[in-house]
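Reading the structure
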Amino acid sequence: MTAPLIFLGIESSCDDTAAAVLRHVPGQAPEILSSVVEGQTALHAAFGGVVPEIAARAHAERLDHCVERALADAGLDLAALDGIAVTAGPGLIGGVLSGVMLAKGLATATGLPLVGVNHLAGHALTPRLTDGLAFPYLMLLVSGGHCQFLIAKGPESFTRLGGTIDDAPGEAFDKTAKLLGLAQPGGPAVEAEAALGDARRFAFPRPLLDRPGCDLSFSGLKTALLRARDALVAEKGGLTVQDRRDLCAGFQAAVADVLAEKTRRALQMYHDLAPSHPALAVAGGVAANKALRARLETISAEAGVQFLAPPLRLCTDNAAMIAWAGIERFRLGLHDGMDLSARPRWPLDQTAPALIGSGKKGAKA
Ligand code: KG4
Ligand code: ZN
């Protein structure tokens, strides 16, 4: 289908309520006409993680408002739209349901096509929204709730090469910050401390590097950090500023080493497809980490592969990526009916075996 399309996107799978309007004229770059994201960090701050019931209620209260704002920012009303795309999973079921119910209501009232989108496809297709990247490309999704290597072959076709068997890297950064008394979200705080520390002082493990393949593990690293912290506290009665910096530097170096080596392996597997324009793209909040980015850039350059990191506001949860993934599906002739269901679990690669420990409650995708 080659008609120009304007889609509304709706996202409510974790703790960001979001709506966006996107216009795509084939042959031209897609245009984000508006993108509204209302985060819920303050609502969950006292609980040390996302509380599903609080998230669901906040989505239900804010979704209408977000959609109204997105339409107003775009200077359009519902009549100008060609379709409605909504995250139908994976995620916290109460939030996903709120979005799907709203989208169904809007589609029924307007007669517009309804397109259910996999949230992970939203992340994975973002380099096509931002840079028009051609398939097949390698995607590293590194967020607070997910870590996986995917080969994106088409809007509906993904092959998972590997992923975390326990924690996601963002979750490990957040737990590290918590153990060291730093602010949440932990990633930026740990990165800032690490920049002033000595990464060689603590010999943290590089989990799963001795095993073939691209699977990753981060929970052992967190335990090693806890032990090192406790040993320092037992020895000196507390942590000095330098101890904290060195712990952060050691932790970050271990995460970067593991991700770098596994990315090298994923690139080798991807090369077997003989892509004509090989590219590695990243998405997710952890992609903001400068040390990690630098490593991935170097590995990509060594492998002769283009490296692409979309702007952070499109790497983290947003509804523009959902509108885009909806347009991509719709152009394949796909859309959904009123039987569209909200799915708490929905792996992108349905043929890959389930990863142990993935898809935890309260974890972002
Ligand atoms: O993609 P995102 O906003 O939310 C989802 O998980 O979907 O990612 C949030 C995660 C948090 O765990 C946060 O600590 C981490 O990304 N993060 C970072 C950095 N900035 C955010 N991790 C490492 N270094 C950073 N600079
Ligand atoms: Zn996400």
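For the structure given in this document, a descriptive report is provided here. (Residues numbered from 1 in each chain as written. Chains lettered and ligands numbered in written order. Predicted model: local features only at pLDDT ≥ 70, side-chain atom pairs only at ≥ 80, totals over all residues. Heavy atoms only, no water.)

Let's shift gears to the pairing of strand 2 (residues 16-24). The buried fraction of strand 2 amounts to 8 of the 9 residues, a majority that puts the element mostly inside the structure. In this sheet, strand 2 lies alongside strand 1 (residues 5-11) in antiparallel orientation, the contact comprising 7 bridges. In the strand pairing of strand 2, Glu-11 is matched with Ala-18. What sits between the antiparallel neighbours strand 1 and strand 2 is a turn of 4 residues. Bridge count between strand 2 and strand 3 (residues 31-39): 8 bridges; the pairing is antiparallel. Counterpart to Val-21 in the pairing with strand 3 is Ser-34. Connecting strand 2 to the next strand, strand 3, in antiparallel fashion are 6 residues, including Gly-27 with a positive phi near 90°. (Buried < 20%, exposed > 50% of the residue type's maximum accessible area, 1.4 Å probe, protein only. Helix = DSSP H or I, 4+ residues; strand = E, 2+ residues; numbered from the N terminus. Pairing = 2+ DSSP bridges.)

Take the sheet that holds strand 10 (residues 306-308) next. Read across the sheet, 5 strands follow the order 8-7-6-9-10 without closing on themselves; strand pairing throughout is mixed. Each edge of the open sheet carries a strand with a single partner, namely strand 8 (157-163) and strand 10. Along the sheet, successive strands turn relative to each other by an average axial angle of 20°, direction set aside. With 6 bridges connecting them, strand 6 (residues 137-142) and strand 7 (residues 147-154) associate as antiparallel partners. When the bridges of strand 7 are listed, Leu-138 appears paired with Ile-151. (Axes fitted to C-alpha atoms, helices over the stretch in contact; angles between N-to-C directions.)

Here we come to helix 2 (residues 52-74). Spanning 23 residues, helix 2 covers 31 Å between terminal C-alpha atoms, matching the ideal 33 Å at 1.5 Å per step. The sharpest bend along helix 2 reaches about 40° and sits at Arg-62. The elements touched by buried residues of helix 2 are strand 1, strand 2, strand 3, helix 1 (41-44) and helix 3 (93-110). With its phi angle positive at about 70°, Gly-75 sits one or two positions after the end of helix 2. (Expected span 1.5 Å × (residues − 1). Bend = angle between axes of the 7 residues up to and from the residue. Contact = heavy atoms within 4.5 Å.)

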